[in-house]
There are 2 protein chains.
Amino acid sequence: MTIQKQLTKKPTVGQQRVIIAQVSPEIDAGRFAVKAIVGDKIGVEADVFLDGHDVLAAEVLYKKASDDQWQTVPMRFVNNDRYEAAFIASQVGLYEYSIRAWVDHAATWEHEIAMKIKDGQHVAVELLVGANLLEKKQALANEADRHAISEVIAIFRNPSQYALAVELAQGHQVQEWIHQYPTRDFASTYQTLKLWVDREKAAFSAWYSMFPRSASSQKGTHGTFKDVATNVLPRLKSLGFDVLYIPPIHPIGHQFRKGKNNSTTCQEGEPGVPYGIGSELGGHTAIHPALGTLDDLKQLIESCKAYDIELAMDLAIQCSPDHPWAKEHPAWFKVRPDGTIQYAENPPKKYQDIYPINFESDDWEALWEELKDVIMTWASWGIRIIRVDNPHTKSFNFWEWVIAEVQAVYPDMIFLAEAFTKPKVMAQLAKLGYTQSYTYYTWRNSKAELIGYMQELTQTEQRHFMRPNFWPNTHDILPWCLQGGLEPVFLTRYFMAATLSGNYGIFGPVFESMNHEANPGKEEYRNSEKYEIKHWDWSFENKLTHIIRMTNKARMENSALQRTNNITFCDIPNDQVLVYLKTHANGNRILCVVNLDPYHRQGGVLRVPLHLIHKHQHEAYIVHDLLTGAKYTWHGEHNFVDLDPHIMPMHLFRIEDM
Amino acid sequence: MTIQKQLTKKPTVGQQRVIIAQVSPEIDAGRFAVKAIVGDKIGVEADVFLDGHDVLAAEVLYKKASDDQWQTVPMRFVNNDRYEAAFIASQVGLYEYSIRAWVDHAATWEHEIAMKIKDGQHVAVELLVGANLLEKKQALANEADRHAISEVIAIFRNPSQYALAVELAQGHQVQEWIHQYPTRDFASTYQTLKLWVDREKAAFSAWYSMFPRSASSQKGTHGTFKDVATNVLPRLKSLGFDVLYIPPIHPIGHQFRKGKNNSTTCQEGEPGVPYGIGSELGGHTAIHPALGTLDDLKQLIESCKAYDIELAMDLAIQCSPDHPWAKEHPAWFKVRPDGTIQYAENPPKKYQDIYPINFESDDWEALWEELKDVIMTWASWGIRIIRVDNPHTKSFNFWEWVIAEVQAVYPDMIFLAEAFTKPKVMAQLAKLGYTQSYTYYTWRNSKAELIGYMQELTQTEQRHFMRPNFWPNTHDILPWCLQGGLEPVFLTRYFMAATLSGNYGIFGPVFESMNHEANPGKEEYRNSEKYEIKHWDWSFENKLTHIIRMTNKARMENSALQRTNNITFCDIPNDQVLVYLKTHANGNRILCVVNLDPYHRQGGVLRVPLHLIHKHQHEAYIVHDLLTGAKYTWHGEHNFVDLDPHIMPMHLFRIEDM
């Protein structure tokens, strides 16, 4: 008789009758935490039902994970056995939530006695039942109610007060007690689910990526942290960026150092690749001397703060052959039968300047602790944003552990996953804890691609765990669409990144200078800054910098642009025109119109979803272009747009009342 | 630092790198068993991926739950990180299955060394790596291979045999060893999932429901089990039914017994409702004397067998006030403050002839055991099919437990849920273990409704746990569509039940006699057999009985009609014509065409999905109407049909080769 034990067994409380199922949000049966932003209203839904026709009651339970006591919110019936309630995630950190439901015998009684009284039935026995039910409420009630309830119980039990009892049984006061003092008999409770609450910047951030060594005002000189503070920060503030992301700042290895354009032969004096991390001067917690000292870095972090900018560091878990770990911890690498450490390969290609970490190492626990220490050290310097290089080539188990460990101490820490990889791997990293994720936006160009991809991100389960960060370019990627060097493409690729997604970034100044020189047949920059020091004019302006400034200003001033999932695409019968509405609960409404054709004027009659902007048919309202200042009066649902890419390929309309 | 413990902790084996997710089939994260039929090929799919670029291997594990050893089937890559494999469920009962996956270092090596050799690289060190990997295979190999592998290892390690080693490294033999002897280092294993395997009848059954007390050949006489054997079984065999379902056969209570047409006043001599179970003569394990003895029942079960028919009994968990439990176990009912037992109500309506069971009873464990004993007693008589009356008004927890308990001893037991209730409740009962379920088919009439409902049943997750049983009528339900009494409606409602679904049933003889007398404004029979004894001519024939006979014959002879999920709807530009194709792996192909308009000829050009019938464009084939014997030659995809409802409103085509 072992077989039935494997199928089921008698439950502890066989009297439980309510089923709770299909809870939303819930990721992989509760295996992973749902993500939210502090202040968010967390809507929780579930199928809740029981056998028969009794009335049920359900509530959402929630608390900070570190609290002992659950808070409760009663759930409301929606339809088809679906119930919902919401709570506010008011603090950063880990929350827990669940659902509890039970047969509400008092509410059932209340409904049934009313039906019987209406039908003219004599309800003496029903009043006695009610008295018994009220006794349970009395036990839970405050002192004033306790007294009042006992009076009603006495009346219910006194046949000479039948008429009064019948009246009271249908009265507001009894109804109120029923709902105010739930007895929760034989309640069913769903498993505890997890909710991770991030700070605002996790959802709303404008990143600027640059190489500090290119920050010097002196051509031919290695830039420093001080140069960044002096030359770069004022520009970023003026353009409206709030995250400065810099590639690794550690000593660069010597063995097999790469030269200009990824050459395997490195000329004397070439600076090497910042991703070839580690030398005799140290590894992931050391600073490349040419950039400055640790104090200089800390000073840069402070300087950033003065501009309301945060500094994001880059975590690339790999080593140059000169990294201290290569000598001190050979067990963390693959050692080949000839005693050498295995360098990175993608056969037949060899990357002899890089030793990848072996996450199958028998010494994995020490390895994990050391990697955690790297992050904790950076955090102790004041770093609260980390961009992780190629996380998809490191152990998933490690990421889940280390992100939780770090956020347990620094719940304001943000991790951005640079995982340009397969969709399921990308999603898994987000589930495991990454705060933000690079996306396929870089390669989504047509209207159908953009809408399809946005729907995947914002309409599927992904909206609960994956926060996109849209980049039109990166220091690794110059996508085909930009290689033609067409100004309207630069403008729209930038604009859509900044308005489709709450988080976006660019790699500059190469982007805003509209540089488009690629290595032939590849989506990468020719003379890439990864391999050489550049010199830039940090004060240049063009049409694109104007649009960047105006768009970032609009983002700061319009809460509808500060989130991603609040998007609705609007109909327009033109495959070259993309129209999307973003709305915020505070009433802010932004309508973006983009001409995707860089050569020709495109337009058409678009359809505004009036219910989302709270206008009725034929009602007049103003669309105020925040890029140009122009204002137009529109009426109702159907309105005409027309965009000349050579003048301005997009509108950034705020919808304003007349 | 408690917070991070709640988020995650270091896994036991930090070296595990493979992720297994989104397994299918899987119901509610493995909470419930997937259902299958003995002999079914169980296809299992999952997302399987790892960090980086190593090659992975994955396998499905499966076994009878009672076995100790897992069987394994290697999984095949499909696309987008999806893998699949299948196994045969060869026995009735509980199976377990899971997925295991690991980094296949040997396969990775095999791929990489081939790339390097092709590129002309020197691979001496790689051969040494290969020798080490082969040592692990050697440890797992059979004796012959062990010897052969050690020879190859020696060659790999002998620099003077470099050329031979390079050749062997790319050879078929080494590849074979790699896949034949998986090392499964740091394998990830998914949670164990459950699969319940039923016998064939769970998927393929034709039910006939009738009241044994109406089986007498003498008008005015109470029919008996013997009358059923004599008068009814030959007819059912002739019509092609294989399940005879009878309402409760227990003593009927006296208190508040219902009269004709559900009257609350019962005339002397009226037989009462079989659902008013229990009297001084006994309860759910006693037999109503007017029907016969227990021996007579057992004889009926045997008589059924002789006709290849199974007898299904009816489990209605409720009691008349005269049921022995009312006296012996008042704790199983709700006792009111005046000491009386609470009768059934739907306020303001009262059902004083019925005491419902209180599943919140403190004595629930004894109650559950007693109810289980009822079923086990029936099983001991030879009953293997139970239709459960209104299971949705009894505790879900109880059903899950009792079905598993019974099937642990009688894995061939079939439970049909008569739950005409809300969709989520209906689905829950199926998940909890019900073998078959009554459905909304009874009220799905239009083409859009029928296609939509079939897609819900056969295309969504429901296909893994809910087996529909389609009924055009029941003894409780005379749906609106039949109340017009139109012959084409009776024909098509019957025909679609029998061909859309593998399981179906009718309540006769009222159905095949096309009786359509309803209580006004209700979907119920006037002068219902529930309240009185009827007298029937058990030999009458009409057009409908002819169609029943031909359809049941076609069902027996065509395996495509023996399943439900193997359906594809075919395009035809006519909202009154429903066309569906059912196919079986053995090559059997059935195409049904139904005119839903009972008044007018309807037709059009339908489109046959050629890839499903393995025909190419313009190829000729025969459609052979199994209802009429007519044969037509069709060509390719587009073919014309036209049906006159007054002649024959449907085709039952077998597709045959020329």
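Keep in mind that this is a model prediction, so the values were computed, not measured.

Asker: Whenever I open this one, the overall build of chain A confuses me. Can you help?
Answerer: In terms of regular secondary structure, chain A is built from 17 helices and 30 strands. In terms of its C-alpha atoms, chain A occupies a principal-axis envelope of roughly 110 × 70 × 50 Å. Of all 658 residues assigned to chain A, the portion counted as buried reaches 61%. Residue pairs in contact within chain A that sit at least 24 positions apart in sequence constitute 75% of those at least 6 positions apart. For chain A, the accessible surface area stands at approximately 25,500 Å², while carbon and sulfur atoms represent 50% of it. Distance between charge centres in chain A, computed from 65 positive and 79 negative side chains, equals 2 Å.

Asker: Which parts of the structure should I look at to understand the packing of aromatic side chains?
Answerer: Each pair of aromatic rings is reported with the distance of its centres and the angle of its planes. The tally for this structure, following the rule as stated, stands at 68 aromatic pairs over all chains. Measuring from ring centre to ring centre gives 5.1 Å for Phe420 of chain A and Tyr438 of chain A, while their planes differ by 80 degrees; the resulting arrangement is edge-to-face. Taken as a pair, Phe420 of chain A in the loop between strand S19 (414–418) and helix H12 (423–432) and Tyr438 of chain A in strand S20 (residues 436–438) lie far apart in primary sequence, 18 residues in all. Here Trp368 of chain B and Phe398 of chain B contribute two aromatic rings whose centre-to-centre distance is 5.7 Å and whose plane-to-plane angle is 65 degrees, an arrangement assigned as edge-to-face. A residue pair is termed long-range when its members are at least 10 positions apart, and Trp368 of chain B in helix H10 (residues 364–381) and Phe398 of chain B in helix H11 (residues 396–409) qualify at 30 residues. Grouped by ring-pair contacts, the aromatic residues Phe359, Trp364, Trp368, Phe398, Trp399, Trp401, Phe415 and Tyr434 of chain A constitute a single cluster. In this arrangement the basic side chain of Arg444 of chain A is found over the ring face of Tyr453 of chain A, its NZ or CZ atom lying 5.3 Å from the centre.

Asker: What is the right way to look at the interface of chain B and chain A in this model?
Answerer: Quite often, the size of an interface is put as the accessible area lost when its parts meet. Each partner contributes to the interface: chain B provides 80 residues, whereas chain A provides 79 residues. Where chain B abuts chain A, roughly 7,300 Å² becomes buried across the two surfaces, and 59% of that area is made up of carbon and sulfur atoms. There are 10 salt bridges connecting chain B and chain A. When the shortest N-O distance is used, the salt bridge between Lys116 of chain B and Glu345 of chain A registers 2.6 Å. Linking chain B to chain A there are 30 residue pairs in polar contact (both at pLDDT 80 or more). Its residues placed into classes, the side of chain B that touches chain A shows 31 nonpolar, 20 polar and 29 charged.

Asker: Got a minute to help me understand the sheet that holds strand S18 (residues 385–389) of chain B in this structure?
Answerer: Pairing between sheet strands relies on hydrogen bonds along the backbone, with the strands arranged either parallel or antiparallel. Residues and elements named next belong to chain B. Ordered in space as S11-S12-S13-S18-S19-S20-S21-S22, the eight strands form a closed barrel in which the pairing is parallel. Averaged over all neighbouring strand pairs, the angle between strand axes comes to 30 degrees, with direction disregarded. With five bridges joining them, S18 and strand S19 (residues 414–418) adopt parallel strand pairing. Each bridged residue has a counterpart across the sheet, and for Ile385 the counterpart in S19 is Ile414.

Asker: What's the story with the environment of Tyr83 of chain B in this structure? I'm lost.
Answerer: Residues and elements named next belong to chain B. Residue position: Tyr83 is located in strand S7 (residues 82–88). Classification of Tyr83 by relative accessible area gives buried; the value is 13%. Taking the C-alpha atoms as reference, Tyr83 lies 57 Å from Ile252; in sequence the two are 169 residues apart. Once residues within four sequence positions are removed from consideration, Tyr83 is found in contact with Val44, Glu45, Ala46, Val48, Leu56, Met75, Arg76, Phe77 and Val78.

Asker: Looking at this structure, how should I read the packing of helix H2 (residues 105–118) of chain A against helix H3 (residues 124–140) of chain A?
Answerer: A pair of packed helices can be characterised by two numbers: the angle between their axes and the separation between those axes. Residue and element names in this part refer to chain A. The N-to-C vectors of H2 and H3 enclose an angle of 155 degrees; their axes lie 10 Å apart at closest approach. In terms of axis orientation, H2 runs roughly antiparallel to H3. Pair H2 / H3 crosses with left-handed handedness. Of H3, the residues touching H2 (which contributes His105, Ala106, Trp109, Ile113 and Lys116) are Glu126, Leu127, Val129, Gly130, Leu133 and Lys137. Here the residues of the contact of H2 with H3 sort into six nonpolar, two polar and three charged.

Asker: Is there a simple way to think about the pattern of salt bridges in this case?
Answerer: If charged atoms from side chains of opposite charge come close, those side chains can pair. The tally for this structure, following the rule as stated, stands at 94 salt bridges over all chains. The closest approach of N and O atoms between Asp81 of chain B and Lys422 of chain A, which form a salt bridge, is 2.5 Å. Remark: Lys422 of chain A occurs in the loop between S19 and H12 and Asp81 of chain B occurs in the loop between strand S6 (76–77) and S7; the pair is interchain, linking two chains. Across the pair Lys534 of chain A and Glu532 of chain A runs a salt bridge, and its minimum N-O distance is 3.9 Å. Through salt bridges with shared partners, one network takes in Lys116 and Glu126 of chain A together with Arg336, Asp338 and Glu345 of chain B.

Asker: Just checking my understanding: could you explain H10 of chain B for this structure?
Answerer: For an α-helix, the turn length of 3.6 residues means that residues three or four places apart are oriented alike. All names here are of chain B. An ideal rise of 1.5 Å per residue puts 26 Å on 18 residues; H10 measures up with 26 Å between its terminal C-alpha atoms. In the core, the buried residues of H10 are packed alongside helix H8 (294–306), strand S13 (310–315), helix H9 (324–328), S18, H11 and S19. Phi for Gly382, located one or two positions after H10, is positive at around 115 degrees.

Asker: Is there a simple way to explain the confidence of the model for chain A in this structure?
Answerer: Low pLDDT marks stretches whose predicted atomic positions should not be read closely. Residue and element names in this part refer to chain A. When pLDDT is averaged along chain A, the result is 96; 98% of the residues meet or exceed 70. Note that pLDDT drops below 50 for residues 1–7; the model gives that stretch 14 contacts with residues more than four away or on any other chain. Model confidence for the complex is summarised by a pTM of 0.95, with the ipTM given as 0.94.

Asker: Which parts of the structure should I look at to understand the sheet that holds S6 of chain B?
Answerer: Pairing is antiparallel across the open sheet formed by four strands, whose spatial order is S1-S3-S7-S6 (chain B). Of all the strands in the sheet, the pair left with one neighbour each is strand S1 (18–24) and S6 of chain B. Each of S1, strand S3 (41–50) and S7 of chain B touches H12 of chain A; the most contacted strand, S3 of chain B, lies at about 70 degrees to it.

Asker: For this particular structure, what's the right way to read the relation of the copies chain B and chain A?
Answerer: Between the two chain copies there is a screw-like relation: a rotation about an axis and a shift along it. Note on the identical chains: chain B maps onto chain A by a rotation of 180 degrees and an axial translation of 0.0 Å, with an RMSD of 0.1 Å. Expressed as an axis order, the relation between the two copies is that of a two-fold axis. Residue Ala29 of chain B, judged by its C-alpha, is the member of chain B lying nearest the rotation axis, at 3.0 Å.

Asker: Where do I start with the domain arrangement of chain A in this structure?
Answerer: Partitioning chain A into domains gives domain 1 (18–103 + 190–197), domain 2 (106–180), domain 3 (201–313 + 359–558) and domain 4 (567–656). Computed over C-alpha atoms only, the centres of domain 1 of chain A and domain 4 of chain A are separated by 37 Å.

Asker: What exactly am I supposed to notice about unusual backbone geometry here?
Answerer: Backbone phi values are negative for most residues with the exception of glycine, while trans is the configuration of most peptide bonds. The peptide bond linking Pro347 of chain A to Pro348 of chain A adopts the cis configuration, its omega dihedral lying at 5 degrees. Relative to the helices and strands, Pro348 of chain A is located in the loop between strand S15 (344–346) and strand S16 (349–351). Here the residue pair Ser24 of chain B and Pro25 of chain B is connected by a cis peptide bond, since its omega of -5 degrees sits within 30 degrees of zero. Relative to the elements of secondary structure, Pro25 of chain B occurs in the loop between S1 and strand S2 (34–37). Despite not being glycine, Asn80 of chain A shows a phi value in the positive range, around 50 degrees. The topology assignment puts Asn80 of chain A in the loop between strand S6 (76–77) and strand S7 (82–88). Here Asn80 of chain A falls in the partly exposed class, since its relative accessible area comes to 38%.

Asker: What exactly am I supposed to notice about the pairing of strand S3 (residues 41–50) of chain A here?
Answerer: All names here are of chain A. Of all 10 residues in S3, seven are buried; the element is thus mostly enclosed. In the sheet, strand S1 (residues 18–24) pairs with S3 via five bridges, with the strands oriented antiparallel. Counted as the bridge partner of Ile20 is Val48 from S3. Bridge count between S3 and S7: seven bridges; the pairing is antiparallel. Residue pairing across strands places Val44 opposite Ala85, the latter belonging to S7.

Asker: For this particular structure, what's the right way to read the environment of Ile287 of chain A?
Answerer: All names here are of chain A. Positionally, Ile287 belongs in the loop between strand S12 (243–245) and helix H8 (294–306). Look at Ile287 and you get buried, because its relative accessible area is 13%. Put simply, Ile287 and Leu297 are 10 residues apart on the chain and 8.5 Å apart in space, counted from C-alpha to C-alpha.

Asker: In this structure, what is going on with helix H4 (residues 143–156) of chain B? I would like to understand it.
Answerer: Residue and element names in this part refer to chain B. Between its terminal C-alpha atoms H4 stretches 20 Å, which fits the 20 Å expected from 14 residues at 1.5 Å a residue. Within H4 the residues assigned to the buried category are Asp145, Ile149, Val152, Ile153, Ile155 and Phe156. Buried residues of H4 fall within an arc of 160 degrees about the axis and therefore sit on the same side. Across H4 from its buried face, at more than 90 degrees, point the exposed residues Glu143, Ala144 and His147. Buried residues along H4 sit in contact with helix H2 (105–118), helix H3 (124–140), helix H5 (162–169) and helix H6 (172–180).

The rules we used
- Residues numbered from 1 in each chain as written.
- Chains lettered and ligands numbered in written order.
- Predicted model: local features only at pLDDT ≥ 70, side-chain atom pairs only at ≥ 80, totals over all residues.
- Heavy atoms only, no water.
- Helix = DSSP H or I, 4+ residues; strand = E, 2+ residues; numbered from the N terminus.
- Buried < 20%, exposed > 50% of the residue type's maximum accessible area, 1.4 Å probe, protein only.
- Contact = heavy atoms within 4.5 Å.
- Areas by Shrake-Rupley, 256 points an atom, 1.4 Å probe, with all protein chains shown as cover.
- Lys, Arg positive; Asp, Glu negative; His and termini not counted.
- Charge placed at Lys NZ, Arg CZ, Asp CG, Glu CD.
- Phe/Tyr/Trp six-rings, centres within 6.5 Å; stacked < 30°, edge-to-face > 60°.
- Lys NZ or Arg CZ within 6 Å of the ring centre and 35° of its normal.
- Buried area = accessible area lost by both parts, 1.4 Å probe.
- Salt bridge = Lys/Arg side-chain N within 4 Å of Asp/Glu carboxyl O.
- Polar contact = N/O pair within 3.5 Å; in protein donor to acceptor, adjacent residues only side chain to side chain.
- Nonpolar A, V, L, I, M, F, W, Y, C, P; charged D, E, K, R; others polar.
- Pairing = 2+ DSSP bridges.
- Axes fitted to C-alpha atoms, helices over the stretch in contact; angles between N-to-C directions.
- Parallel < 35°, antiparallel > 145°, perpendicular 65-115°, else oblique.
- Left-handed = near helix turned anticlockwise from the far one by under 90°.
- Expected span 1.5 Å × (residues − 1).
- pLDDT = per-residue confidence, 0-100.
- Least-squares fit on C-alpha atoms with pLDDT ≥ 70 in both.
- Domains from an automatic or database assignment.
- Arc of directions from axis to C-beta.

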